[in-house]
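Residues per chain, in single letters:
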Amino acid sequence: MKKHAKWVWIAVAVLLVFPLSLPAEEGMFLLNQLPMERLRAMGFQLSADDIYRPGGGGLSDAVVMVGGGTGAFV
């Protein structure tokens, strides 16, 4: 039992020293400032109209209230 605990602590230490994360793109974009060329190069297939339609029905309408804050489905 103690041997297993030792390996668990070693694994926790390794994960703290070498976090498993992906590089993040910086910041948030306004809908009219989305870098569509860069997104398309990464495989994004929606048009700007699919994301935002002034009359409603776009992806931007998928914002929800979660415990006093907001969230969105991506």
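Please read these numbers as outputs of a predicted model, since none were measured by experiment. (Residues numbered from 1 in each chain as written. Predicted model: local features only at pLDDT ≥ 70, side-chain atom pairs only at ≥ 80, totals over all residues. Heavy atoms only, no water.)

A. Local environment of the overall build of the chain. On a plain count of helices and strands, the chain comes out with three helices and two strands. The order of α-helices and β-strands along the chain, N terminus first, is α-α-α-β-β. Across the 74 residues in the chain, those meeting the buried criterion constitute 5%. In the chain, the share of contacts with a sequence separation of at least 24, taken over all contacts with a separation of at least 6, comes to 3%. With the model as given, the accessible surface of the chain reaches about 7,000 Å², and the carbon-plus-sulfur share is 67%. (Helix = DSSP H or I, 4+ residues; strand = E, 2+ residues; numbered from the N terminus. Buried < 20%, exposed > 50% of the residue type's maximum accessible area, 1.4 Å probe, protein only. Contact = heavy atoms within 4.5 Å. Areas by Shrake-Rupley, 256 points an atom, 1.4 Å probe, with all protein chains shown as cover.)

B. Just the packing of aromatic side chains, in detail. Counted by the stated rule, this structure contains zero aromatic pairs. Over the ring of Trp-7 we find Lys-6, and its NZ or CZ is 5.9 Å from the ring centre. (Phe/Tyr/Trp six-rings, centres within 6.5 Å; stacked < 30°, edge-to-face > 60°. Lys NZ or Arg CZ within 6 Å of the ring centre and 35° of its normal.)

C. Region of interest: the pattern of salt bridges. In total, this model carries one salt bridge according to the counting rule given. Linking Asp-50 and Arg-53 is a salt bridge whose minimum nitrogen-to-oxygen distance equals 3.3 Å. Residue class for Asp-50 comes out partly exposed when judged on its relative accessible area of 29%. (Salt bridge = Lys/Arg side-chain N within 4 Å of Asp/Glu carboxyl O.)

D. Quick peek at a nonpolar patch on the surface. Together, Trp-7, Ile-10, Val-14, Val-17 and Phe-18 give the surface a local cluster of nonpolar side chains, amounting to about 540 Å² of exposed area. The topology assignment puts Val-17 in helix H1 (residues 2-17). Residue classification places Val-17 among the exposed positions, given a relative accessible area of 57%. (Patch = residues over 30% accessible without salt bridge, like charges linked within 9 Å, V, L, I, M, F, W, Y side chains within 5 Å.)

E. Here's a closer look at the confidence of the model for the chain. When the pLDDT values of the chain are averaged, the result is 77; 80% of them are 70 or greater. For the chain, strand E2 (residues 69-72) is the element with the lowest average pLDDT, namely 68, and helix H2 (residues 36-41) is the one with the highest, namely 86. (pLDDT = per-residue confidence, 0-100.)

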